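Okay, here's what each chain looks like letter by letter:
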Amino acid sequence: MKKTNIVLIGFMGAGKSTVGRKLAGAFDMKFLDADALIEKKYKMKISAIFAEQGEEAFRKAETDLCRQLLKHENGFVLATGGGMPLRKENAELLKQIGKVVFLYTKPDEILRRVKNDTSRPLLSGPDREEKVNALFEERLPKYLEAADYVLETEGKSFYAMIVEIQKNCMK
Ligand code: S3P
């Protein structure tokens, strides 16, 4: 039987990579991380791509990657970058790639998790709390629209999240 791909979307710090790695491990699937694939292709860190080529170049790389992944052999879990499903074109491509699961994590929890992070260009500089709140509010409707399934992460163990994804998205 052909395995369904699982695509994890959500805000920075929602746990896409961690949950994705564990999910892939539990079901013998391949784990793909969109940011890592783009960094490998450009041989540059995301922050350097933003700084040297601009956000638009990064967003184009995300769309190129979505197109490429449509042709990838099935049976993988993809952790997207937080902005990947925001372009309509990408959201449509992601739905074709697999079951799209939105990891819904509230801004206060996100802020706690990204407190000491320096790798995310969109959160650099002062007023991090305002930035997270504003971006979250702007993005939430797009995440909900891009999703096939919404998984609330609050208070759930990784095991519980994996079981929930398996039950609802991998039948
Ligand atoms: C971004 C999220 C980051 C990374 C880039 C832009 C965003 O990925 O793709 O910094 O626009 O939300 P994570 O969600 O893994 O932090």
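What counts and how
- Residues numbered from 1 in each chain as written.
- Predicted model: local features only at pLDDT ≥ 70, side-chain atom pairs only at ≥ 80, totals over all residues.
- Heavy atoms only, no water.
- Buried < 20%, exposed > 50% of the residue type's maximum accessible area, 1.4 Å probe, protein only.
- Helix = DSSP H or I, 4+ residues; strand = E, 2+ residues; numbered from the N terminus.
- Pairing = 2+ DSSP bridges.
- Near = heavy atom within 4 Å.
- Polar contact = N/O pair within 3.5 Å; in protein donor to acceptor, adjacent residues only side chain to side chain.
- Areas by Shrake-Rupley, 256 points an atom, 1.4 Å probe, with all protein chains shown as cover.
- Nonpolar A, V, L, I, M, F, W, Y, C, P; charged D, E, K, R; others polar.
- Core = buried A, V, L, I, M, F, W, Y, C linked by side-chain atoms within 4.5 Å.
- Contact = heavy atoms within 4.5 Å.
- Salt bridge = Lys/Arg side-chain N within 4 Å of Asp/Glu carboxyl O.

**Some words on the pairing of strand β1 (residues 6-9)**
In step 1: Side chains I6 and L8 project from β1 onto one buried face, and the interleaved V7 and I9 project onto a second face that is buried too.
In step 2: Summarising the sheet, β1 and strand β3 (residues 76-79) pair through three bridges and their orientation is parallel. Each bridged residue has a counterpart across the sheet, and for V7 the counterpart in β3 is L78.
In step 3: Summarising the sheet, β1 and strand β4 (residues 99-104) pair through four bridges and their orientation is parallel. Within β4, the residue paired with L8 across the bridge is V101.

**Points about the site of the ligand**
In step 1: Lining the immediate surroundings of the ligand are 13 residues, of which K16, D35, R59, R120 and R139 lie closest.
In step 2: Interatomic distance of 2.8 Å between a backbone N/O atom of G82 and an oxygen atom of the ligand.
In step 3: Contacts to the ligand include G83, whose backbone N or O atom sits 3.3 Å from an oxygen atom.
In step 4: Relative to its unbound accessible surface of 390 Å², the ligand loses 94% to contact with the protein.
In step 5: Tallied by class, the residues present in the shell around the ligand amount to five nonpolar, three polar and five charged.

**Quick look at the nonpolar core**
Nonpolar side chains tend to gather and get buried jointly when the protein is soluble and globular.
In step 1: Formed by 36 residues in total, the largest nonpolar core has its most connected members in V7, I9, F11, L69, L78 and L94.
In step 2: Apart from residues no more than four positions distant in its own chain, L78 is found in contact with I6, V7, L8, L32, A34, L69 and L94.
In step 3: One finds A14, V19, A24 and F31 within the second-largest nonpolar core, a separate group that totals 18 residues.

**Brief notes about unusual backbone geometry**
For residues besides glycine, phi is generally negative; the peptide bonds are generally trans as well.
In step 1: Although it is not a glycine, D28 sits at a positive phi angle of roughly 55 degrees.
In step 2: Relative to the assigned elements, D28 resides in the loop between α1 (16-26) and β2 (30-33).
In step 3: Located in the positive-phi region is K43, a residue other than glycine, with phi close to 55 degrees.
In step 4: Checked against the element boundaries, K43 lands in the loop between α2 (34-42) and α3 (46-53).

**Comments concerning the pattern of salt bridges**
In step 1: Counted under the stated rule, the structure contains 13 salt bridges.
In step 2: The shortest N-O distance in the salt bridge between E55 and R59 comes to 3.0 Å. In this pair, E55 and R59 are both assigned in helix α4 (residues 55-69), four residues apart and thus about one turn of the helix distant.
In step 3: The exposure class of R59 is buried, given its relative accessible area of 10%.
In step 4: A salt bridge links E109 to R112; the shortest N-O distance between them is 2.8 Å. Of this pair, E109 and R112 are both found in helix α6 (residues 107-114), three residues apart, which corresponds to roughly one turn of the helix.
In step 5: Residue classification places E109 among the partly exposed positions, given a relative accessible area of 23%.
In step 6: The exposed category is assigned to R112, whose relative accessible area is 56%.
In step 7: Several salt bridges share partner residues, and in doing so they unite K60, D64, R67 and E89 into one network.

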